[in-house]
Amino acid sequence: MLGLLSTLQSQEAPITLLKSIKVNFSMIEVDNIGNIYLVKGGAISKYDPSGQLKEKNSAMAFGDIYTLDASNALKMLVFFKDLSQITYVDNQLASRGDNVALDEIGYNQITAICRSYNEGIWIYDQTTFELLRLNEQLEPIVQSGNLTQVLDFVPEPNYMRENNNWLYVNDPTEGILIFDWYGSYTKKIPVTDLTKFVVRADRVFYIKDGFLQYYHLKSNKYAKIKLSMEDWVDFTVFEDKLLLITQNELFIYRINVN
């Protein structure tokens, strides 16, 4: 762990503001072609990559949206944690398929969820301390087993994403935990106190201590870009763009990463 942290690079990479737009949202995600989705409560708005508003979806019937996974623009996963409910929307924000009540199929305390390949989903069940991969028919086809026995601590994930058949799980107290597609633990990125991260190509991006920071998965090195604001609410990264929202504005930056 100390060896990884010692590679943190102090130089600042360039960042250029391209556009700012007045908005009022609490969550931001981007799909696989660069469209931007902004969330507030149970409503989603879609913007094109240049920041032009394209679609709105009025508040859904299941309360506040906890997770929006837009990694597949044609079938985005929307998770309502308070009601253990999943629904899907397409890139026009129209409903896709049936809603899923996770508690009705035996999963009563899901704290993190994301899409997986071949129309599957990953869930973390806090009652069994287990990662499960469900197929399109919602049948469990991968189970990690009780992770407390593997990790020697009780994981409390709040966010996860699959990328290139690896599963990245954020535990704010412990760091970003990385699992293979069989649910086997491989390693940890020891960065704590995060609410979110973004995996793009071979880098894991996150915001901490006034910097957009990133960890290079191949070299195990860190780098960072100084941000000019500290009152950000949420962020994402797509190609060479950093998209960041505050309480009342969306900022689109161009970034140059090493």
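Please read all numbers here as calculations on a predicted model, not as lab measurements. (Residues numbered from 1 in each chain as written. Predicted model: local features only at pLDDT ≥ 70, side-chain atom pairs only at ≥ 80, totals over all residues. Heavy atoms only, no water.)

Trainee: I'm lost on the confidence of the model for the protein chain in this one. Help?
Mentor: Summarising the model, the protein chain shows a mean pLDDT of 92, and 95% of its residues fall at 70 or more. The low-confidence segment residues 1-10, where pLDDT is below 50, has 20 contacts with residues more than four positions distant or belonging to other chains. (pLDDT = per-residue confidence, 0-100. Contact = heavy atoms within 4.5 Å.)

Trainee: Help me understand the environment of leucine 77 in this model?
Mentor: Within the secondary structure, leucine 77 is located in strand β8 (residues 76-80). C-alpha separation for the pair leucine 77 and threonine 87, spaced 10 residues apart in sequence, amounts to 6.2 Å. If sequence neighbours within four positions are ignored, leucine 77 has contacts with Thr67, Leu68, Asp69, Ile86, Thr87, Tyr88, Ile113, Cys114, Arg115 and Ile121. (Helix = DSSP H or I, 4+ residues; strand = E, 2+ residues; numbered from the N terminus.)

Trainee: I'm lost on the sheet that holds strand β25 (residues 249-255) in this one. Help?
Mentor: For sheets, the rule is that strands pair by backbone hydrogen bonds, running either parallel or antiparallel. Spatially, four strands are ordered β2-β25-β24-β23 in an open sheet, and the strand pairing comes out antiparallel. With partners counted over all chains shown, the strands left at the sheet margins are β2 (15-22) and β23 (234-238), one partner each. Across the sheet, the mean angle from the axis of one strand to that of its neighbour is 20 degrees, orientation sign disregarded. With five bridges joining them, β23 and strand β24 (residues 241-245) adopt antiparallel strand pairing. When the bridges of β24 are listed, threonine 236 appears paired with leucine 243. (Pairing = 2+ DSSP bridges. Axes fitted to C-alpha atoms, helices over the stretch in contact; angles between N-to-C directions.)

Trainee: What is the right way to read the environment of threonine 87 from this model?
Mentor: Relative to the helices and strands, threonine 87 is located in strand β9 (residues 85-89). Measuring from C-alpha to C-alpha, the distance between threonine 87 and lysine 221 comes to 38 Å, with 134 residues separating the pair along the chain. When near neighbours in sequence (up to four residues on either side) are disregarded, threonine 87 contacts Met60, Met76, Leu77, Val78, Phe80 and Asn99. Among the polar contacts made by the side chain of threonine 87, one reaches the side chain of asparagine 99 at a distance of 2.6 Å. (Polar contact = N/O pair within 3.5 Å; in protein donor to acceptor, adjacent residues only side chain to side chain.)

Trainee: Would you mind showing me how to read the sheet that holds strand β7 (residues 67-69) here?
Mentor: Taken together, four strands build an open sheet; the order of strands is β7-β8-β9-β10 and the sheet is antiparallel. Strand pairing shows two members of the sheet lacking a second neighbour, β7 and β10 (100-101), which therefore form its edges.

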